[in-house]
Amino acid sequence: TSTFLFLPQTPHYASPDIDECARDLDLCQPHGVCENTEGSFVCMCEEGFTLAKDRQSCEELPHHKKECYLNFDDSVFCDSVLATNVSRQECCCSLGAGWGDHCEIYPCPVLNSIEFHTLCPDGKGFILDETILNYGIPTHRDIDECSLFGEEICKEGKCVNTQPGYECYCKQGFYYDANLLECVDVDECLDESNCVNGRCENTRGSFHCACPASTTYDPAQKKCIPTSKIDKVTDRRDVCWQLRGEDGMCSSPFGGQQLTYEECCCRHGKGWGYQCHACPPRSPGNRGRSGKTGISPFLLAPALYFNDSVGNPPKVG
């Protein structure tokens, strides 16, 4: 007889699915959403991003362009757009604090963090360029902030690209404000030594020192002094003004020509020079005769002489 041993089969029970998304909340972040599947999970990436090689995160598409924002924490960050068509690398590896579209902004990585070095392996001011190869390997190139962001980073000035970064050169009378990213007028009137004995009036890029009657501003001494004491050079030519107001401001330059002080004040003008020196008042007895002779009314006015360097009147004839 044969003997058979019956061994009952052990029933097979399927293992319960593990929800990887619930166990690790950082999966697929920060640019994707984790969705659990049977026995695994999948990253659903945002627009402009694709699944990374580790299949656990999302990385930016190489040439995807969005807006770059200067401020991220500012309550009006939507108005701080530096550029509207830049990649995340171009934005976050240069001046940007956030990158996105229509005020849906993703913060740029913190400087020197692991994410920053992943996005900007060559540091601030450089990005990898797949079109520039070194022995077949993509290499870095400098970010031209002046070309990329235009006037947004150097308003009222001239932007010059450097490696890395940029420099903003302002006109005389202006200084660069790195927070506002623009050239700001210098208020020279805050320095009282610029207009001693006068009333300082700030102008865009400069200032005007309004002096009391019978005094004129001397730029060398930066103060108002009696007009008679100003040592003028008779052969120096400067702008001649036809009008000079009571406030000491000149207007209406004569014919665009530059004249000497004597030519200006004896014949045409009321003020002379960049600082609007007042011409001496004309007395009624010095008016020339006009009419039959055809002589200009001011040609017969006595010549004006100026003290020499030691204060003595020059010799005539």
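For the structure given in this document, a descriptive report is provided here. Only a predicted model underlies this, so the values are computations on that prediction, with no experimental measurement involved.

### Comments concerning the overall build of the chain
Counting its secondary structure elements, the chain contains five helices and 22 strands. Relative to its 317 residues, the chain shows a buried fraction of 32%. Just so you have it, the chain exposes about 20,900 Å², and 52% of that area is on carbon and sulfur atoms.

### Side note on the environment of D142
Note that D142 resides in strand β10 (residues 137–142). Residue D142 is classed as buried on the basis of its relative accessible area, which comes to 14%. Spatially, the C-alpha atoms of D142 and P164 are 6.3 Å apart, while their sequence positions differ by 22 residues. In this view, D142 contacts G125, F126, N161, T162, Q163, P164 and G165; residues no more than four positions away in its chain are not counted. Within the local environment of D142, its side chain forms a polar contact with the side chain of N161, the two groups lying 2.8 Å apart.

### Section: the pairing of strand β7 (residues 98–101)
When strand β5 (residues 66–69) meets β7, the two strands line up antiparallel, connected through three bridges. By the bridge assignment for β7, C68 is matched with W99. Connecting β7 to the antiparallel partner strand β8 (residues 104–107) that follows it, the hairpin turn spans two residues, and H102 within it adopts a positive phi of roughly 50 degrees.

### Description of the sheet that holds β7
The strand order across the open sheet built from four strands is β6-β5-β7-β8, with neighbouring strands paired in antiparallel fashion. The open sheet terminates on both sides in strands that have one partner only, identified here as β6 (81–86) and β8. On average, each strand axis in the sheet is inclined to that of its neighbour by 30 degrees, with strand direction left out of account.

### Topic: the state of the cysteines
Tallied over the full model, the rule gives 14 disulfides. Disulfide pairing places C189 opposite C200 at an S-S distance of 2.1 Å. Because the sign of the S-S torsion sets the handedness, a value of about -80 degrees for the bond joining C189 and C200 places this disulfide among the left-handed ones. On the criterion of sequence distance, the pair formed by C189 in the loop between β14 (182–185) and β15 (199–203) and C200 in strand β15 is long-range, its members being eleven residues apart. Residue classification places C200 among the partly exposed residues on the basis of a relative accessible area of 23%. This cysteine, C266, is not joined by any disulfide, and C265 carries the nearest cysteine sulfur, 6.9 Å off.

### Observations concerning the packing of aromatic side chains
Tallied over the full model, the rule gives two aromatic pairs. Seen in terms of ring centroids, F207 and Y217 are 6.3 Å apart; in terms of plane orientation they differ by 90 degrees. Their pairing is edge-to-face. Residue F207 is found in strand β16 (residues 206–210), and its partner Y217 is found in strand β17 (residues 215–218); the two are separated by ten residues along the sequence. Residues F207 and Y217 agree in their burial class; the two are buried. Both rings, one in Y261 and one in W272, keep their centres 5.3 Å apart while their planes meet at 85 degrees; by these two values the pair is edge-to-face. Placement of Y261 in helix α5 (residues 261–268) and of W272 in strand β21 (residues 271–272) is noted, with a sequence separation of eleven residues between them.

### Regarding the environment of V196
As for its position among the elements, V196 is in the loop between β14 and β15. Given the relative accessible area of 33%, V196 is considered partly exposed. Along the backbone, V196 and C209 are 13 residues apart, and their C-alpha atoms lie at a distance of 8.5 Å.

### What to know about the layout of surface pockets
One number sums up the size of the second largest pocket: a volume of about 380 Å³. If you go around the second largest pocket, you meet 16 residues; those closest to its centre are S214, R244, A278, C279 and P281. Here the lining of the second largest pocket is composed, by residue class, of seven nonpolar, five polar and four charged. Counting contributing residues per domain, the lining of the second largest pocket is built from domain 3 (192–229) and domain 4 (236–278), each supplying no fewer than three.

### Regarding the side chain of R88
Within the secondary structure, R88 is located in helix α2 (residues 88–92). There is a polar contact of 3.1 Å between the side chain of R88 and the side chain of E115. Those residues in contact with R88 that lie beyond four places of it in its chain are H31, F49, E60, H64, C93, W99, P107, P109, E115 and L119.

### Details of unusual backbone geometry
In this chain, Q29 is followed by P30 through a cis amide linkage whose omega measures 5 degrees. As for its position among the elements, P30 is in the loop between α1 (20–23) and β1 (32–37). Non-glycine residue R55 carries a positive phi angle of around 60 degrees. Of note, R55 is situated in the loop between β3 (49–51) and β4 (58–60). A relative accessible area of 58% places R55 in the exposed class.

### Some points on the pattern of salt bridges
Scanning all chains against the criterion turns up seven salt bridges. Residue K155 pairs with E152 through a salt bridge whose shortest N-O separation is 3.9 Å. When its relative accessible area of 30% is taken as the criterion, K155 is described as partly exposed. Of the residues examined, E152 reaches a relative accessible area of 34% and is grouped as partly exposed. Its salt-bridge partner being R204, residue E156 comes within 3.3 Å of it at the nearest N-O pair. A residue pair is termed long-range when its members are at least 10 positions apart, and E156 in the loop between α4 (145–149) and β11 (157–161) and R204 in the loop between β15 and β16 qualify at 48 residues. Each of K65, E90 and R141 takes part in salt bridges that share partners, so that together they form one network.

Rules and cut-offs
- Residues numbered from 1 in each chain as written.
- Predicted model: local features only at pLDDT ≥ 70, side-chain atom pairs only at ≥ 80, totals over all residues.
- Heavy atoms only, no water.
- Helix = DSSP H or I, 4+ residues; strand = E, 2+ residues; numbered from the N terminus.
- Buried < 20%, exposed > 50% of the residue type's maximum accessible area, 1.4 Å probe, protein only.
- Areas by Shrake-Rupley, 256 points an atom, 1.4 Å probe, with all protein chains shown as cover.
- Contact = heavy atoms within 4.5 Å.
- Polar contact = N/O pair within 3.5 Å; in protein donor to acceptor, adjacent residues only side chain to side chain.
- Pairing = 2+ DSSP bridges.
- Axes fitted to C-alpha atoms, helices over the stretch in contact; angles between N-to-C directions.
- Disulfide = S-S within 2.5 Å.
- Phe/Tyr/Trp six-rings, centres within 6.5 Å; stacked < 30°, edge-to-face > 60°.
- 1 Å grid on protein atoms, 1.4 Å probe; cavity = no way out; pocket = protein on both sides within 12 Å on 5 of 7 lines; lining within 4 Å.
- Points joined across faces, edges and corners; volume = space filled by probe spheres on them.
- Nonpolar A, V, L, I, M, F, W, Y, C, P; charged D, E, K, R; others polar.
- Domains from an automatic or database assignment.
- Salt bridge = Lys/Arg side-chain N within 4 Å of Asp/Glu carboxyl O.

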